[in-house]
Structures are given as C-alpha cells and as structure tokens.
Amino acid sequence: MLLRMSLMTGVLIFFVLMIRSFAIKKSRWNVLKIMWLLCMVRLLLPVTIPCKLLSGSAVYFIEFFYNYSSFKRFLFPIWLIGALCCLFYFFVHHLMHYVEYSAALPIKNNSIEQWKINKKSFPFFDVLQSDKVTTPFVCGLFKTRIIIPKTLEFVCDKKLLPILEHEYTHIRYFDIWIKYAMIIVLSIHWFNPLVWVM
C-alpha cells in the first residue's frame with residue numbers, strides 16, 4: 001500500500017515540477033505551494049485514490065513483488081532501516097544547530113520593538129540575535145523565533161526591516177510546521193526519489 005501510494009503521488013509531484021518549470025510569474029507561486037501541500041498531505045494519508053494513469057503494468061509490477069512472500073519478508077525491515085536512518089540524520093542535524101538557537105539573545109532595538117508591536121496577529125514570535133549564525137532564519141514550533149546575525153543589529157532600519165518582514169512571512173504561513181511535516185514525509189517515503197525534490 002505504501003509503495004502504491006508513493007508511486008501515485010510521484011505522478012502528481014512530476015506534474016507539479018512540470019508546472020513549476022513554466023511558472024515564471026511570481027503570482028503563480030502561491031498556487032504551486034498549495035499543490036506541494038496537496039502532494040505532502042497525499043503522502044501522509046493512508047488512503048487509496050483511484051488513478052487511471054497508474055492502472056497498468058507499473059502498479060501490477062510493484063504489487064506483484066510486494067505480495068510475493070519471500071520479497072515481502074525483507075521489504076519492511078529495509079524500509080524501516082531507511083526510515084530510521086533518515087530520522088536519525090535529521091535529528092542529528094537539528095541537534096548540531098541547537099547550539100546556535102540556544103545561544104541567541106534578545107535584541108534591544110527600538111525600531112525592532114516597534115515593528116513587533118505592529119505585528120499583532122497570531123502566531124506570537126520573538127526576535128533574537130546570535131554571533132554563531134550568518135543568515136537570518138526562523139526556528140521553533142511552539143516558541144517561534146526569528147534569529148538574525150549579530151552584525152545585522154547595526155544595519156540601518158531601511159535594510160533590516162525588510163529582512164524581518166521576509167522572515168515574518170515564513171511565520172505567517174507556518175512554513176516551519178510544513179518543514180517538519182516534510183521531514184516526516186521524507187522519512188516515510190525515502191525510497192521515492194521524486195519526494196526529495198519537493
């Protein structure tokens with residue numbers, strides 16, 4: 001079932017990639033983002049959706065090997081090892097960067113404080129600085145933070161505020177939640193190369 005679901009969604013991913021190659025105008029990227037989200041949700045939902053594009057030899061070939069007892073016996077352990085390796089890699093990667101997150105300190109800047117006050121919408125967030133990072137980024141699921149390099153503290157407001165606005169866009173659209181959901185998708189469907197290009 002997992003192989004079939006991944007293969008069916010692979011066709012949709014390929015379709016989105018084709019659209020993306022022709023989506024030049026910026027206004028089309030919101031549509032693409034929705035389509036990527038649909039792909040991700042499809043990969044997470046354990047349901048079967050009929051698809052005529054895959055109702056041929058491709059699905060039969062996969063289901064034949066999956067249902068073949070001697071192959072099925074080794075299929076689950078191989079998938080499980082791959083999934084655990086992916087989760088371990090992402091966990092170690094997060095742990096390595098946790099030092100950067102935890103070393104960040106609050107910024108005492110009147111312009112930034114005023115900018116934060118103007119952002120009254122949910123979700124709540126904080127702006128921190130760190131000398132261990134080189135580019136601004138957003139982190140934290142429940143305690144969301146914008147972390148900027150310490151050198152940006154001395155940049156004029158005309159340059160700093162657009163950077164904060166860009167990072168706030170990631171918060172407003174819950175991109176950090178999507179990122180962690182994508183980690184789960186990659187760990188489950190690690191054997192599908194099309195999933196890695198999402």
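One can find the structure itself at the top, above this paragraph.
Digging into the overall build of the protein chain
- Each helix and strand counted, the protein chain has seven helices and four strands in total.
- In the protein chain, which comprises 198 residues, the proportion classed as buried is 31%.
- Nonlocal contacts in the protein chain, meaning residues at least 24 apart in sequence, comprise 61% of its contacts between residues at least 6 apart.
- Summing over all exposed atoms, the protein chain offers an accessible surface of approximately 13,400 Å²; the carbon and sulfur share of this is 71%.

Re a nonpolar patch on the surface
- On the surface, F88, F91, V92, L95, M96 and Y98 cluster together to form a nonpolar patch covering roughly 660 Å² of accessible area.
- Note on placement: L95 falls in helix α4 (residues 69–102).
- By relative accessible area, L95 is classed as partly exposed at 48%.

A look at the sheet that holds strand β2 (residues 125–130)
- The strand order across the open sheet formed by four strands is β1-β2-β4-β3, and the pairing between neighbours is mixed. A single partner strand is all that each edge strand has here, and the edge strands are β1 (105–106) and β3 (137–139).
- Where β3 lies against strand β4 (residues 144–149), three bridges are found, and the strand directions are antiparallel. In the strand pairing of β4, V138 is matched with I146.
- In this fold helix α5 (residues 110–118) packs onto β2 and β4, with an angle of close to 155° to the strand it touches most, β2.

What counts and what doesn't
- Residues numbered from 1 in each chain as written.
- Predicted model: local features only at pLDDT ≥ 70, side-chain atom pairs only at ≥ 80, totals over all residues.
- Heavy atoms only, no water.
- Helix = DSSP H or I, 4+ residues; strand = E, 2+ residues; numbered from the N terminus.
- Buried < 20%, exposed > 50% of the residue type's maximum accessible area, 1.4 Å probe, protein only.
- Contact = heavy atoms within 4.5 Å.
- Areas by Shrake-Rupley, 256 points an atom, 1.4 Å probe, with all protein chains shown as cover.
- Patch = residues over 30% accessible without salt bridge, like charges linked within 9 Å, V, L, I, M, F, W, Y side chains within 5 Å.
- Salt bridge = Lys/Arg side-chain N within 4 Å of Asp/Glu carboxyl O.
- Pairing = 2+ DSSP bridges.
- Axes fitted to C-alpha atoms, helices over the stretch in contact; angles between N-to-C directions.

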